[in-house]
Amino acid sequence: MGQVMFIVWRESVEALLVVGILHAWLANPDHGAKRGLPYLWAGVALGIAAAIGLGAALVGFTEVLSGDAQDYFQTAMVLVASVLIVQMVFWMKRNGRTLKRDMESSLQKNHDQGTWWGVLVLVALAIAREGSETAIFLYGLGFGQGGSVPMSMWLAVAIGFVLALVTFWLLQLGGKIFSWRLFFRVTEIMLLFLAAGLLESGLDRLISLELVPTLVDQLWDTSAILDDASPFGSLVATLTGYRAHPSGMNLLVYVAYWLFMWALLKRAGTPAKQVKPA
Amino acid sequence: MTAVVVTLFALGGASLARADDLPTFRLEMNNGKLNPARIEVPAGKRIKIEVHNTGTNAVEFESLQLRKEKVLAPGAQSFVVIAPLQPGEYKFFDDFHQQAQGVIVAK
């Protein structure tokens, strides 16, 4: 439940960020761009529809598949979700800083040309992107795999979204106390841990399908300290990839993952070269 | 794409056949209640656990220790095949109703 809330929260904040910047620009009386607002809201609606469509397609696809085919599909989806998270973190690291400026300059262009379809497409894409990522993550976390979704899960989604609205509002309000930079830095680390959790869960499925060997069945047993079969332990397992009874392969992949992330972070940390306009 | 789906079904069929004549144990999951919550199985043998969701909520049979996850809609049934186990106790739980904790005992 906690993971569902976190994912919905973080993805919604990202989508709200795009909508928020565009809305602030369009609604600013100095720009005389109020005519663009309906296009903005149409883009929002379109993006939400696209995300819901993808979610429904995922659930429908699962119902068609039977037995082991479903296991293979779900394994693939968990691994895709893990890769998507990592890709998203590094995309935001690269583009987060210039996102606002880029959007405003493209808005200015739209404004000068008097067309607002660009706004619609921009917003629809942003929401569809975040929304469909949300759908894939939620699916990876078991959402909808039983053909129906328990009430408590919907509640988690709703709470996550409300939290996102509150966060967005706080960050808009108190730019001095909270900073977007800090928000993204903290949630980045949490997302990388979540991606590690999904990777380990995908690996467990691959081992269970006998596509990957365990190497050593059980390296150690830390269930006395933190039992991954307990409610708290299973939450930690999902969020970090923790295992109380790790196999050799679990540990190997986990260490390799963090070495790879460390290398990527180090590379992303060095300032990117300025691309000169042609 | 079609080829992938066909291959997946073929793979699925292959392991279905493999799972046919294994020692089989029945587990009912009903809105957070497990019946039985303790399953005794022979050690050193592949076994099959048939999971029936007799409740009105979705359930998820999960054991990180056994590396199994299976989500079942209300009324659905499925099975998990478990690789030969060392003697000992292996925990499982319903990830959608976490008070439901069970154990598989291999002897």
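See the structure above.
Because the structure is a prediction, the values reported are computed rather than measured.

So what exactly am I meant to see when it comes to the overall build of chain A here?
Counting its secondary structure elements, chain A contains nine helices and zero strands. Starting at the N terminus and ending at the C terminus, chain A contains elements arranged as α-α-α-α-α-α-α-α-α. A compact globule built from 278 residues should have a C-alpha radius of gyration of about 19 Å, and chain A, at 21 Å, falls within 12% of that. Sequence-distant contacts in chain A: of pairs separated by 6 or more residues, those separated by 24 or more amount to 78%. Total accessible area computed for chain A in this model is approximately 14,100 Å², and 70% of it derives from carbon and sulfur atoms. Of the side chains in chain A, 19 bear a positive and 19 a negative charge, and the two mean positions are spaced by 18 Å.

Please clarify how the sheet that holds strand β2 (residues 33–35) of chain B should be interpreted in this entry.
Hydrogen bonds between backbone atoms are what pair the strands of a sheet, whose relative direction is either parallel or antiparallel. All names here are of chain B. Taken together, the four strands give an open sheet; going across it, the order is β2-β1-β4-β7, and neighbouring strands pair in mixed fashion. Both edges of this open sheet fall to β2 and β7 (77–82), since each of them pairs with a single strand only. In this sheet, adjacent strand axes meet at a mean angle of 25° when their direction is disregarded. Note that strand β1 (residues 24–30) and strand β4 (residues 47–53) share six bridges and pair parallel. Bridge pairing links T24 to K48 in β4.

What am I meant to see in the environment of A:S106 here?
All names here are of chain A. Residue placement: S106 occurs in helix α4 (residues 99–113). By relative accessible area, S106 is classed as partly exposed at 27%. Residues S106 and G118, twelve residues apart in the sequence, show an inter-C-alpha distance of 8.4 Å.

Would you mind going over the sheet that holds strand β5 (residues 59–63) of chain B with me for this structure?
All names here are of chain B. A sheet is described by the order of its strands in space; here five strands give the open sequence β3-β9-β8-β5-β6, paired in mixed fashion. With partners counted over all chains shown, the strands left at the sheet margins are β3 (38–41) and β6 (68–72), one partner each. Sheet twist, expressed as the average angle between the axes of neighbouring strands with direction ignored, equals 20°. As paired strands, β5 and strand β8 (residues 88–94) are joined by two bridges and run antiparallel to one another. Counted as the bridge partner of F61 is D94 from β8.

How should I be thinking about α4(A) in this particular structure?
Note: α-helices contain 3.6 residues per turn, so residues at a spacing of three or four share the same orientation. All names here are of chain A. Its 15 residues place the ends of α4 21 Å apart at the C-alpha level, agreeing with the 21 Å of an ideal helix rising 1.5 Å per residue. For α4, the set of buried residues is L99, M103, L107 and N110. Projected onto a plane normal to the axis of α4, the buried residues spread over an arc of 55° and lie on a single side. Facing away from the buried side of α4 by over 90 degrees, the exposed positions are R101, K109 and D112.

Looking at this structure, I do not really get a nonpolar patch on the surface. What am I missing?
All names here are of chain A. A cluster of nonpolar residues, L215, V216, L219, W220, L251, L252, V255 and L259, forms a patch on the protein surface that exposes about 710 Å² of accessible area. For L251, the position within the fold is in helix α9 (residues 248–269). A relative accessible area of 32% places L251 in the partly exposed class.

What counts as what
- Residues numbered from 1 in each chain as written.
- Chains lettered and ligands numbered in written order.
- Predicted model: local features only at pLDDT ≥ 70, side-chain atom pairs only at ≥ 80, totals over all residues.
- Heavy atoms only, no water.
- Helix = DSSP H or I, 4+ residues; strand = E, 2+ residues; numbered from the N terminus.
- Rg over C-alpha atoms; globule rule 2.2 N^0.38 Å.
- Contact = heavy atoms within 4.5 Å.
- Areas by Shrake-Rupley, 256 points an atom, 1.4 Å probe, with all protein chains shown as cover.
- Lys, Arg positive; Asp, Glu negative; His and termini not counted.
- Charge placed at Lys NZ, Arg CZ, Asp CG, Glu CD.
- Pairing = 2+ DSSP bridges.
- Axes fitted to C-alpha atoms, helices over the stretch in contact; angles between N-to-C directions.
- Buried < 20%, exposed > 50% of the residue type's maximum accessible area, 1.4 Å probe, protein only.
- Expected span 1.5 Å × (residues − 1).
- Arc of directions from axis to C-beta.
- Patch = residues over 30% accessible without salt bridge, like charges linked within 9 Å, V, L, I, M, F, W, Y side chains within 5 Å.
- Salt bridge = Lys/Arg side-chain N within 4 Å of Asp/Glu carboxyl O.

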